[in-house]
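Single-letter residue listing:
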Amino acid sequence: MRKKYASNKAVIILTVLTAVLMIAFIGMGLTERNINYFLPKRLIKMWSVLLVSYCIGYSAVTFQTITNNKILTPSVMGLDSLYLFIQTFVVFFFGSGTLNMMTGYTQFFISVGAMVGMSFLLFIFLFKGDGKNIYFLVLAGMILGNLFGGMSTFMQVVLDPNEFLILQGKMFASFNNINTDLLGICTVIVVAVILLTYKDLKYLDVISLGQDHAINLGVPYKRVVMKTLMVISVVISISTVLVGPITFLGILVVSLSREMQKTFRHTKLVYGATILGAFALTASILLVERVFAFEMTSSTIINFVGGVYFIYIMIKESKR
């Protein structure tokens, strides 16, 4: 009972701290002269932070559950590498001017469509059948991710330096150049995902016991896993297209959420991971703008902290 109270208290405190941090970011330095310019931009940033935090938090928590592994994140499926490959391919064959013109819904549907399409083909061909399981799917995703990463690196090496500088803006997550035209459709998709997947979270509570136990307890295992994987590919695609790839945020927020709450209920784990993601992203944005004067990106800070924490988890798991 005490542990449950402590975990609930920790989540409440974190929620309040995140809200305070967001309000501080929105209101910092506002005056009557600049409020009309800065306030809308800051509200858009914070709304984007919440959308990205949910996408990464939900995908990381559920992916670890269906793979029964607390170290893997959806990035092993190669979706981040595919996104970078699409951007690099466009610049390599058509020039950076074409990439700059691919804004709004054009780039959104091309990038998201390619990422979700690859995921769908991967799931259909590699997950169906009695002799294939989720681990085979993860292995295939890692191989494809390395393939796309290698092809992207090859094209980047031979690119004109000026073209590469423009492409480089797509290689790191940034909340400074968010396409506001995409916020509406991204919000609609995320809300639809929340409504469609909320009932499945109780199935994931049982799936966390293992595939055999879940099937014995009456969970439609393959249907739930396939649906969850498709939703993961959609939300990760939205997050990546909206702000760019953030590799280590998933492992950071899901691990801390599990440590903070000590529960198997996915409603609480997803909420905890979302709030942790919002706190981490808002703090990184404040550091980038107020401390480092835009000399680095939010993803650099998140990946550094997440990478160090990932090494800590690996060392911790190896001692068990």
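Owing to the predicted nature of the structure, the values given are computational and were not obtained by experimental measurement.

Chemist: Would you explain the overall build of the protein in this entry?
Modeler: On a plain count of helices and strands, the protein comes out with 14 helices and 0 strands. Listing every helix and strand of the protein by position from the N terminus yields α-α-α-α-α-α-α-α-α-α-α-α-α-α. Across the 320 residues of the protein, 49% fall into the buried class. Put simply, of all contacts in the protein between residues at least 6 apart along the chain, 78% involve residues at least 24 apart. Taken as a whole, the protein presents about 16,300 Å² of accessible surface, with 68% of it coming from carbon and sulfur.

Chemist: For this particular structure, what's the right way to read the packing of helix H2 (residues 35–67) against helix H9 (residues 200–207)?
Modeler: Two measures define how a pair of helices packs: the angle their axes make with one another and the distance between the axes. It is the contact of H2 with H9, at a shortest axis distance of 9 Å, that shows an interaxial angle of 40°. Taken as axis vectors, H2 and H9 run oblique relative to one another. Judged by the twist between their axes, the crossing of H2 over H9 is left-handed. Of the residues in H9, those in contact with Tyr58, Thr62, Thr65 and Ile66 of H2 are Leu201, Leu204 and Ile207. Per-class residue counts for the contact of H2 with H9 are 5 nonpolar, 2 polar and no charged.

Chemist: What am I meant to see in empty space enclosed by the protein here?
Modeler: Sizing a probe to match a water molecule and rolling it over the atoms shows the empty space that remains. Taken as a whole, this structure holds 1 cavity of 30 Å³ or more when the rule is applied. Here the largest cavity defines a volume of roughly 140 Å³. Lining the largest cavity are 15 residues, and of these Ile56, Asp80, Ile236, Ile246 and Thr247 lie nearest its centre. Breaking the lining of the largest cavity down by element, the ones donating at least two residues are H2 and helix H11 (221–243). Residue composition of the lining of the largest cavity, grouped by class: 6 nonpolar, 8 polar and 1 charged.

Chemist: Please explain the nonpolar core as it appears in this structure.
Modeler: A general feature of soluble globular proteins is that nonpolar side chains tend to end up buried together. Among the nonpolar cores identified, the biggest contains 80 residues, and Phe63 and Leu242 are the most heavily contacted of them. A total of 14 residues in this core trace back to one element, the largest contributor, which is H11. Not counting the four nearest positions on each side in its chain, Phe63 is found in contact with Leu72, Thr73, Pro74, Val76, Met77, Val138, Leu229 and Ile232.

Procedures and definitions
- Residues numbered from 1 in each chain as written.
- Predicted model: local features only at pLDDT ≥ 70, side-chain atom pairs only at ≥ 80, totals over all residues.
- Heavy atoms only, no water.
- Helix = DSSP H or I, 4+ residues; strand = E, 2+ residues; numbered from the N terminus.
- Buried < 20%, exposed > 50% of the residue type's maximum accessible area, 1.4 Å probe, protein only.
- Contact = heavy atoms within 4.5 Å.
- Areas by Shrake-Rupley, 256 points an atom, 1.4 Å probe, with all protein chains shown as cover.
- Axes fitted to C-alpha atoms, helices over the stretch in contact; angles between N-to-C directions.
- Parallel < 35°, antiparallel > 145°, perpendicular 65-115°, else oblique.
- Left-handed = near helix turned anticlockwise from the far one by under 90°.
- Nonpolar A, V, L, I, M, F, W, Y, C, P; charged D, E, K, R; others polar.
- 1 Å grid on protein atoms, 1.4 Å probe; cavity = no way out; pocket = protein on both sides within 12 Å on 5 of 7 lines; lining within 4 Å.
- Points joined across faces, edges and corners; volume = space filled by probe spheres on them.
- Core = buried A, V, L, I, M, F, W, Y, C linked by side-chain atoms within 4.5 Å.

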